[in-house]
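Topology and contacts: notes
This is what each chain is made of:
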Amino acid sequence: MNSEQLKNIQAPIKEKYREQPDAAIITLEAHGKIGKGISCKVETGKAIVEAGLHKATGGTGMLACSGDLLLEALVACAGVTLTAVATAIEVDIKNGTVKAEGDLDFRGTLGVSKEVPVGFKNIRLSFILETNATEEQMQSLTKLTERYCVVYQTLAKGVQVETSFNKL
């Protein structure tokens, strides 16, 4: 896809959202089913992923770790956003990789120490790109990818999460 094709696809969508702002508000959903042992089967739309305990918390390593899934969602979103931005500003990316790393202190998760927070202490997102982009274009890619990546922005800014527990 080139810049013109992307603009042609997105132009009517953008116009609709300008004229009907409520049409731009979409609720995404994820569903899971509590599995056997300590696991949860998550429907991804393309496959079912069974998540379980990380090895550092007593898991076998045979099931997906939800922390890994979070980083994978960041990589997927950032990679798609980067390629959309590159297409829009006409930067040719011949090849590339996206990598996310996050540091966790499992003492918090396991309740070993109440002083240690539960969750990632920090996350590093990196891109290695084979491109002939100028330094100015690379700065634009960086700025726009960070600005428009949904998962990146959600993690960087935080979001309120509401929970509910109901019985059948």
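Quick notes on the rules
- Throughout this description, residue numbers start from 1 for each chain and increase along the sequence as written.
- For a predicted model such as this one, the threshold for reporting local features is a pLDDT of at least 70, and the threshold for listing and counting side-chain atom pairs is 80 or more; totals across whole chains, interfaces and linings nevertheless cover every residue.
- To obtain the side-chain values, all non-hydrogen atoms of the structure were included, while hydrogens and water were left out.
- Helix and strand assignments come from DSSP, with helices taken as H or I runs of at least 4 residues and strands as E runs of at least 2, each series counted from the N terminus.
- Three exposure classes are used, based on accessible area relative to the maximum for each residue type with a 1.4 Å probe and protein chains only: buried under 20%, partly exposed in between, and exposed over 50%.
- Two strands form a pair only when DSSP identifies at least two bridges running between them.
- Axis lines are fitted to C-alpha atoms, over the contacting stretch for helices. Their N-to-C directions set the angle, which ranges from 0 to 180 degrees.
- Only heavy atoms matter for contacts: two residues are in contact if any of them lie within 4.5 Å across the pair.
- Only buried residues count toward a nonpolar core. Its members are Ala, Val, Leu, Ile, Met, Phe, Trp, Tyr and Cys residues joined through side-chain atoms within 4.5 Å.
- Any angle that is under 35 degrees is reported as roughly parallel, and any over 145 degrees as roughly antiparallel; angles of 65 to 115 degrees are reported as roughly perpendicular and all others as oblique.
- Note: crossing handedness is left-handed where the near helix turns anticlockwise from the far helix by less than a right angle, and right-handed where it turns clockwise.
- Following the grouping adopted for this structure description, the nonpolar residues are Ala, Val, Leu, Ile, Met, Phe, Trp, Tyr, Cys and Pro, the charged ones are Asp, Glu, Lys and Arg, and the polar ones are all others, Gly among them.

What follows deals with the overall build of the protein. Secondary structure summary: the protein contains five helices and five strands in total. Traced from its N-terminal end to its C-terminal end, the protein shows the element sequence α-β-β-β-α-β-α-β-α-α. Structurally, the protein occupies a C-alpha span of about 50 × 40 × 30 Å along its principal axes. The proportion of buried residues among the 168 residues of the protein is 19%.

Right, let's get into the sheet that holds strand 3 (residues 48–52). Taken in spatial order, the three strands line up as 1-2-3 in an open sheet, and their pairing is antiparallel. Looking along the sheet, the strands with just one partner apiece sit at the ends: strand 1 (31–34) and strand 3. Taken over all neighbouring pairs, the strand axes of this sheet differ in orientation by 30 degrees on average, direction set aside.

Bringing unusual backbone geometry into the picture now. We note that Glu 90 has phi near 60 degrees; this positive angle belongs to a residue other than glycine. With respect to the helices and strands, the residue Glu 90 is situated in the loop between helix 2 (66–88) and strand 4 (93–104). Owing to a relative accessible area of 61%, Glu 90 belongs among the exposed residues under this scheme.

Right, let's get into the environment of Asn 166. Its place among the elements puts Asn 166 in the segment after helix 5 (150–157). Each C-alpha atom, one on Asn 166 and one on Gly 52, is 22 Å from the other, the two residues being 114 residues apart in sequence.

Another aspect to go through is the side chain of Thr 81. Considering the arrangement of structural elements, one finds Thr 81 in helix 2. Not counting chain neighbours up to four residues away, the residues in contact with Thr 81 comprise Leu 144, Thr 145, Tyr 148 and Cys 149.

Attention shifts here to the nonpolar core. Within the largest apolar cluster, seven residues are counted, these being Leu 82, Val 85, Ala 86, Val 91, Ala 133, Leu 141 and Leu 144. Elements with a contribution of two residues or more to this core: helix 2 and helix 4 (135–148). Per-element accounting of this core gives the leading share, three residues, to helix 2.

A few words now on the pairing of strand 3. Looking at chain direction, strand 2 (residues 39–43) and strand 3 are connected through five bridges and run antiparallel. Bridge pairing links Val 42 to Val 49 in strand 3. What sits between strand 2 and strand 3 in their antiparallel hairpin is a turn of four residues, with Gly 45 showing a positive phi close to 100 degrees.

We now examine the packing of helix 2 against helix 4. Where helix 2 meets helix 4, the axes come as close as 9 Å, and the angle between the chain directions of the two elements is 130 degrees. Relative to helix 4, the element helix 2 is oriented oblique. Here helix 2 runs over helix 4; the crossing is right-handed. Counting all contacts with helix 2, which are made through Ala 78, Thr 81, Leu 82, Val 85 and Ala 86, the residues of helix 4 involved are Leu 141, Leu 144, Thr 145 and Tyr 148. Of the residues that constitute the contact of helix 2 with helix 4, the class distribution is seven nonpolar, two polar and no charged.

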